[in-house]
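Architecture and fold: a report
So you can see what is in the structure, the chains are spelled out below.
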Amino acid sequence: DSGVTQTPKHLITATGQRVTLRCSPRSGDLSVYWYQQSLDQGLQFLIQYYNGEERAKGNILERFSAQQFPDLHSELNLSSLELGDSALYFCASSRGGTDTQYFGPGTRLTVL
Amino acid sequence: GDSVTQMEGPVTLSEEAFLTINCTYTATGYPSLFWYVQYPGEGLQLLLKATKADDKGSNKGFEATYRKETTSFHLEKGSVQVSDSAVYFCALSDRTNAGKSTFGDGTTLTVKP
């Protein structure tokens, strides 16, 4: 158990819908990272937050947004969902901005 | 931008065989380097890391040495077990780019008894 929690574990929705994925980092970790893992594109870094501020941005679509709240939990919002958004979404946390990342168990999103 | 190139898989070995998974990187700054492992149905977990040139990371019999001159961080294990079957990811964290992380595509290892 990494100490990072993600909810929900599974999510099934339809095209065009909007969903919110939630992540609680390990106690004391200030950074939160979001990744998308799909069969055809591997593990893609989406975005990083550090103590509430956006720190680094990767291949995140404009339809996706994220934020980190004062209690350090983070949410990833996915809107206008497409079939190709079906993937595993991982959240990770670290103490600072460049340390070892601890991954959550992931949220499996299925868009029908 | 930063990039990580891993040896393509899948890799299939017999138990007790020697393992090498190659990893090379490109980074504008001076990155920290990591190997993560993902067991079936689970998230990634850190296997080992190195933060400066010539550092050797090691854990559970796996080793990797940070080679700045060849920009490499190859993963090795002298004798693999069936329980080592997993997907292995090489990654870097660029301290000069706000800690942005870049992962390789992953290498699937299957160890047969």
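Look up: the structure comes first, before these words.
Described below are features of the structure shown in this document. (Residues numbered from 1 in each chain as written. Chains lettered and ligands numbered in written order. Predicted model: local features only at pLDDT ≥ 70, side-chain atom pairs only at ≥ 80, totals over all residues. Heavy atoms only, no water.)

Comments concerning the environment of Ala91 of chain B
All names here are of chain B. Relative to the helices and strands, Ala91 resides in strand E10 (residues 86-94). Remark: the alpha-carbon pair of Ala91 and Phe73, spanning 18 residues in sequence, is separated by 9.4 Å. Other than its neighbours up to four places away in sequence, Ala91 contacts Val4, Ser32, Leu33, Phe34, Tyr36, Thr102 and Phe103. (Helix = DSSP H or I, 4+ residues; strand = E, 2+ residues; numbered from the N terminus. Contact = heavy atoms within 4.5 Å.)

Topic: the pattern of salt bridges
Applying the stated rule across the entire model yields eight salt bridges over all chains. One salt bridge in this structure joins Arg95 of chain A and Asp29 of chain A, with 3.5 Å as the shortest N-O distance. Placement of the pair is Arg95 of chain A in the loop between strand E9 (87-94) and strand E10 (102-103) and Asp29 of chain A in the loop between strand E3 (19-24) and strand E4 (31-38), with a sequence separation of 66 residues. You can call Arg95 of chain A partly exposed: its relative accessible area is 42%. When its relative accessible area of 0% is taken as the criterion, Asp29 of chain A is described as buried. The partner of Asp54 of chain B in a salt bridge is Arg67 of chain B, and the shortest N-O contact between them spans 4.0 Å. Separated by 13 residues along the polypeptide, Asp54 of chain B in the loop between strand E6 (44-50) and strand E7 (56-59) and Arg67 of chain B in the loop between strand E8 (62-65) and strand E9 (75-77) bring together distant segments of the chain. Linked by salt bridges that have partners in common, Arg26, Asp29 and Arg95 of chain A make up one network. (Salt bridge = Lys/Arg side-chain N within 4 Å of Asp/Glu carboxyl O. Buried < 20%, exposed > 50% of the residue type's maximum accessible area, 1.4 Å probe, protein only.)

Here's the deal with the state of the cysteines
All names here are of chain A. On inspection of all chains with the given rule, the structure shows two disulfides over all chains. Covalently, Cys23 is tied to Cys91 through a disulfide, its sulfur atoms 1.8 Å apart. On the sign convention where negative is left-handed, the bridge of Cys23 and Cys91, at about -50° about the S-S bond, is left-handed. Linking Cys23 in strand E3 with Cys91 in strand E9, this pair joins segments that are 68 residues apart in sequence. (Disulfide = S-S within 2.5 Å.)

Looking at unusual backbone geometry
With an omega dihedral of -10°, the bond running from Thr7 of chain A to Pro8 of chain A counts as a cis peptide bond. Positionally, Pro8 of chain A belongs in the loop between strand E1 (5-7) and strand E2 (10-13). Backbone torsion omega between Gly9 of chain B and Pro10 of chain B reads -5°, so that peptide bond is classified as cis. Its location among the elements puts Pro10 of chain B in the loop between strand E1 (3-6) and strand E2 (11-14). Of note, Thr71 of chain B is a non-glycine position whose phi angle comes to about 45°, a positive value.

Points about the sheet that holds strand E7 (residues 64-68) of chain A
By way of backbone hydrogen bonds, the strands of a sheet pair with one another, either parallel or antiparallel. All names here are of chain A. Spatially, E1-E3-E8-E7 is the arrangement adopted by the four strands of the open sheet, whose pairing is antiparallel. Of all the strands in the sheet, just E1 and E7 have a single pairing partner and so form its edges. On average, each strand axis in the sheet is tilted by 15° relative to the strand beside it, whichever way the strands run. Strand direction decides the pairing type here: E3 and strand E8 (residues 74-78), joined by five bridges, are antiparallel. Note on E8: the bridge partner recorded for Thr20 is Asn77. (Pairing = 2+ DSSP bridges. Axes fitted to C-alpha atoms, helices over the stretch in contact; angles between N-to-C directions.)

What about the packing of aromatic side chains?
Applying the stated rule across the entire model yields 13 aromatic pairs over all chains. Seen in terms of ring centroids, Phe90 of chain A and Phe103 of chain A are 6.3 Å apart; in terms of plane orientation they differ by 80°. Their pairing is edge-to-face. Placement of the pair is Phe90 of chain A in strand E9 and Phe103 of chain A in strand E10, with a sequence separation of 13 residues. Owing to a relative accessible area of 0%, Phe90 of chain A belongs among the buried residues under this scheme. The residue whose ring lies beneath Arg55 of chain A is Tyr50 of chain A, and the NZ or CZ to ring-centre distance is 4.7 Å. A cation over an aromatic ring shows up here: Lys68 of chain B above the ring of Tyr30 of chain B, its NZ or CZ 5.3 Å from the ring centre. (Phe/Tyr/Trp six-rings, centres within 6.5 Å; stacked < 30°, edge-to-face > 60°. Lys NZ or Arg CZ within 6 Å of the ring centre and 35° of its normal.)

Notes on the interface of chain A and chain B
Taken together, the 17 residues of chain A in the interface contact 16 residues of chain B. Between chain A and chain B, a total of about 1400 Å² is buried, with carbon and sulfur atoms accounting for 56% of that surface. On the surface where chain A and chain B come into contact, there are four residue pairs in polar contact (both at pLDDT 80 or more). Residue assignment for the side of chain A that touches chain B shows that the elements contributing at least two residues are E4, strand E5 (42-50) and strand E6 (53-57) of chain A. Here the side of chain A that touches chain B is composed, by residue class, of seven nonpolar, seven polar and three charged. (Buried area = accessible area lost by both parts, 1.4 Å probe. Polar contact = N/O pair within 3.5 Å; in protein donor to acceptor, adjacent residues only side chain to side chain. Nonpolar A, V, L, I, M, F, W, Y, C, P; charged D, E, K, R; others polar.)

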